[in-house]
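Take a look at the letters that make up each chain.
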Amino acid sequence: MVRILLAEDDDSMRAYLARALEKSGYEVVAVATGTQAVPHIESDRFDLLLTDIVMPEMDGIELAQHTANVAPQTRIMFITGFAAVTLKAGKAVPQAKVLSKPFHLRDLVLEVERMFGSETLSGLS
């Protein structure tokens, strides 16, 4: 089973995304900040870091760079509502996928499925 670490500071968005991903067959650990995500990255294995870019304490770009150093096998996907931040993320972590808000949950699940190919099966239609 694909394991996802979700870092999103908006409580309702975090719950919404986690629920949709779990419904699609993924194991999700959800945290509110990049700072809360760090111990999970350092002590556990995740297939994907799904992170908002604009967050307090530690932004998603810093979290992604830390993840790339500590757990280079973890793939990274950013979610953001800010176009300028998207450009910064692409330069800072070029191998990362960027999904711009607003997006449909189906789009998120399809992007995750594309990243992992036949390793995943979607329950969301």
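Residues numbered from 1 in each chain as written. Predicted model: local features only at pLDDT ≥ 70, side-chain atom pairs only at ≥ 80, totals over all residues. Heavy atoms only, no water.

## Some points on the overall build of the protein
Scanning the protein for helices and strands turns up five helices and five strands. When the helices and strands of the protein are listed from N to C terminus, the series reads β-α-β-α-β-α-β-α-β-α. For the protein, the share of sequence-separated contacts (at least 6 apart) that also reach a separation of at least 24 residues comes to 64%. Accessible surface, the protein: about 6,300 Å² in total, of which carbon and sulfur atoms supply 54%. (Helix = DSSP H or I, 4+ residues; strand = E, 2+ residues; numbered from the N terminus. Contact = heavy atoms within 4.5 Å. Areas by Shrake-Rupley, 256 points an atom, 1.4 Å probe, with all protein chains shown as cover.)

## Section: the sheet that holds strand β2 (residues 27-31)
On the basis of which strands lie adjacent, the open sheet formed by five strands has the order β2-β1-β3-β4-β5 and parallel pairing. Whereas interior strands pair on both sides, the edge strands pair on one side only; in this sheet they are β2 and β5 (97-100). Direction aside, neighbouring strands of the sheet carry axes that sit 20° apart on average. Direction of pairing for strand β1 (residues 3-7) relative to β2: parallel, over a ladder of five bridges. (Pairing = 2+ DSSP bridges. Axes fitted to C-alpha atoms, helices over the stretch in contact; angles between N-to-C directions.)

## With respect to the UniProt feature "modified residue: 4-aspartylphosphate" (unreviewed entry) in the protein
With numbering matched to this structure, UniProt assigns "modified residue: 4-aspartylphosphate" (unreviewed entry) to D52. Looking at the element boundaries, D52 is found in strand β3 (residues 48-52). What D52 contacts, discounting residues up to four positions off in sequence, is A7, E8, D9, G60, I79, T80 and K101. (UniProt positions renumbered as here; feature names shortened; annotations may be inferred.)

## Quick notes on the packing of aromatic side chains
Evaluation of the coordinates by the stated rule reveals zero aromatic pairs. Above the ring of F46, the side-chain terminus of R3 is found at 4.6 Å from the ring centroid. (Phe/Tyr/Trp six-rings, centres within 6.5 Å; stacked < 30°, edge-to-face > 60°. Lys NZ or Arg CZ within 6 Å of the ring centre and 35° of its normal.)

## A word on the side chain of D47
On the secondary structure map, D47 appears in the loop between α2 (34-43) and β3. Looking at D47, its side chain comes within polar contact range of the main-chain nitrogen of R3, at 2.7 Å. Not counting the four nearest positions on each side in its chain, D47 is found in contact with M1, V2, R3, Q73, T74, R75 and F116. (Polar contact = N/O pair within 3.5 Å; in protein donor to acceptor, adjacent residues only side chain to side chain.)

## Here we look at unusual backbone geometry
Put simply, K101 and P102 share a cis peptide bond, and its omega is 0°. Positive phi is not limited to glycine here, since E57 has a value of about 70°. Here E57 lies in the loop between β3 and α3 (60-70). Judged by its relative accessible area of 65%, E57 is exposed. (Buried < 20%, exposed > 50% of the residue type's maximum accessible area, 1.4 Å probe, protein only.)

## Concerning the pattern of salt bridges
Evaluation of the coordinates by the stated rule reveals eight salt bridges. Where E27 meets R3, a salt bridge forms, and the shortest distance between an N and an O atom there is 3.0 Å. Here E27 is found in strand β2, whereas its partner R3 is found in strand β1, with 24 residues between them in sequence. Accessibility expressed as a relative area gives 12% for R3, which makes it buried. Two residues, K101 and D52, come together in a salt bridge whose shortest N-O distance is 3.7 Å. One end of the pair, K101, is in the loop between β5 and α5 (105-116); the other, D52, is in strand β3, and 49 residues separate them in sequence. Given the relative accessible area of 5%, D52 is considered buried. (Salt bridge = Lys/Arg side-chain N within 4 Å of Asp/Glu carboxyl O.)

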